[in-house]
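Observations on chain architecture
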Amino acid sequence: MAAIAAPSLLRAYEGSPIVYRTGVGETRGVVLSDGTRVHLDAASTMTVRLGWRRRRSVDLAQAQASFDVAKHPGRPFVIDVGDQQIRVVGTEFNVRHFDGTVVVTVRRGLVEVDQPGLGSPAVARLARGEQLRHTEGTAASRAQRVDVDAAFAWRGGRLVCDDEPLAQIVAELNRHYALPLQVSGAAGAKRFSGVLDLSDQATLVRRLASYLSLSVRRTDRGITLS
């Protein structure tokens with residue numbers, strides 16, 4: 001009898017894993033059972049465990065998500081993302097994890113970021129208006145003050161670019177549109193600064209092409225900027 005009950009008790013203690021996913025061009029708002037509000041960006045995956053153990057656990061695969069964490073003193077909210085770990089009690093922040101890069105931006109409260117593999121104290125403690133950027137597999141993390149609204153702009157259907165190469169911008173855009181974009185030749189190295197409205201792909205492509213003096217070729221399979 002005890003042997004049968006043990007697995008169910010363990011699941012209740014740790015919490016059964018719940019997986020949330022969004023497809024290309026899809027965003028999603030989720031309210032977790034503890035009251036935490038999460039917004040998932042396009043092409044993102046998140047796994048949540050909220051049992052009655054002391055810790056609330058989230059794992060972010062390739063994903064971007066913003067969190068408004070419900071306050072539960074003594075029950076920290078812990079996010080595993082790449083080779084780092086984020087720990088909070090109640091705060092609002094954004095986490096971006098794509099292509100081996102982790103970016104954490106704090107809008108409200110305090111966020112502690114650890115890197116368990118280093119076996120050392122916290123990498124950083126971030127306050128309102130601060131951002132930490134980290135490349136997986138390295139010990140280096142860079143903290144700086146930023147425009148917090150830029151990190152959260154995706155929730156309003158906008159992408160804020162700050163002197164970024166077109167190839168990097170296109171990789172981001174391809175999470176939002178079914179018709180993929182690609183760059184050819186030297187176009188990928190051209191840089192763009194500005195705010196892009198993601199609501200209409202055709203308008204966005206025309207704006208990029210005009211600003212960077214590029215030609216556009218469209219087929220049923222995709223759009224090429226060159």
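Higher on the page you've got the structure.
Let us look at the structure shown here. In this text the structure is predicted, and so the values were computed from the model without any measurement. Every chain is numbered independently, its residues counted from 1 as its sequence is written. In view of the model being predicted, local features appear only for residues whose pLDDT reaches at least 70, and side-chain atom pairs are presented and counted only at 80 or more, with totals across whole chains, interfaces and linings using the full set of residues. Water and hydrogen atoms were dropped before computing side-chain values, which therefore reflect all heavy atoms in the structure.

Points about the sheet that holds strand 19 (residues 222–225)
The condition that has to hold: Strand pairing is assigned whenever DSSP detects at least two bridges linking the two strands. What counts as a helix is a DSSP run of H or I of at least four residues, what counts as a strand is a run of E of at least two, and both are numbered from the N terminus. Only C-alpha atoms enter the line fits that serve as axes; for helices the fit covers just the stretch in contact. Angles between N-to-C directions range over 0 to 180 degrees. Contacts are residue-level and defined by heavy atoms, with any inter-residue pair within 4.5 Å sufficient.
Taken together, the three strands give an open sheet; going across it, the order is 16-19-18, and neighbouring strands pair in mixed fashion. Edge strands, defined here as strands with exactly one partner in the open sheet, are strand 16 (181–183) and strand 18 (216–219). Each strand axis lies, on average, 20 degrees off the axis of its neighbour in the sheet, ignoring direction. Here strand 16 runs beside strand 19; their pairing, made up of three bridges, is parallel. Each residue of the ladder has a partner; that of Val183, found in strand 19, is Leu225. Contacts from helix 3 (residues 166–173) reach strand 16 and strand 19 within the one sheet, and its direction differs from that of strand 16 by about 165 degrees.

Description of the nonpolar core
Selection rule: What makes a nonpolar core is a set of buried Ala, Val, Leu, Ile, Met, Phe, Trp, Tyr and Cys residues whose side-chain atoms join them at distances within 4.5 Å. Summary of the burial criterion: residues with accessible area below 20% of their type's maximum are buried, those above 50% are exposed, and those between are partly exposed, where the area comes from a 1.4 Å probe applied to protein chains only.
Ranked by size, the top nonpolar core spans 29 residues in total, and within it Met46, Leu60, Phe67, Ile79, Ile86 and Phe93 carry the most contacts. Leave out the neighbours within four places in its chain, and Ile86 touches Phe77, Val78, Ile79, Val81, Phe93, Val95, Val104, Val111, Glu112 and Val113. Counting residues in each nonpolar core, the second largest holds 21 residues, with Val170, Leu173, Ile223 and Leu225 among its members.

What about the layout of surface pockets?
Going by this rule: A 1.4 Å probe that fits into a set of points on a 1 Å grid over the protein atoms alone but cannot get out defines a cavity; an open set with protein on both sides within 12 Å along at least five of seven lines defines a pocket, and lining residues are those with an atom within 4 Å of a point. Grid points are joined across faces, edges and corners, and a volume is the space filled by probe spheres set on the points. Gly is placed with the polar residues, together with every amino acid not listed as nonpolar (Ala, Val, Leu, Ile, Met, Phe, Trp, Tyr, Cys and Pro) or charged (Asp, Glu, Lys and Arg).
Considering only enclosed or pocket space, the largest pocket measures out at about 970 Å³ in volume. As for the largest pocket, its lining consists of 34 residues, of which Arg96, Arg133, Val160, Glu164 and Gln168 are closest to the centre. Mapped by element, the contributors of at least two residues to the lining of the largest pocket are strand 9 (92–98), strand 10 (101–108), strand 13 (130–135), strand 14 (141–145), helix 2 (148–151), strand 15 (158–165) and helix 3. For the lining of the largest pocket, the element with the most residues is strand 15, which contributes eight residues. In terms of residue class, the lining of the largest pocket is built from 14 nonpolar, eight polar and twelve charged.

A look at the sheet that holds strand 14
Spatially, the seven strands line up as an open sheet ordered 2-3-6-9-10-13-14, and their pairing is antiparallel. The open sheet has two free edges, formed respectively by strand 2 (28–31) and strand 14, since each of these has just one partner strand. Taken over all neighbouring pairs, the strand axes of this sheet differ in orientation by 15 degrees on average, direction set aside. As judged from the seven bridges shared by strand 9 and strand 10, these two strands associate in the antiparallel manner. Each bridged residue has a counterpart across the sheet, and for Arg96 the counterpart in strand 10 is Val103.

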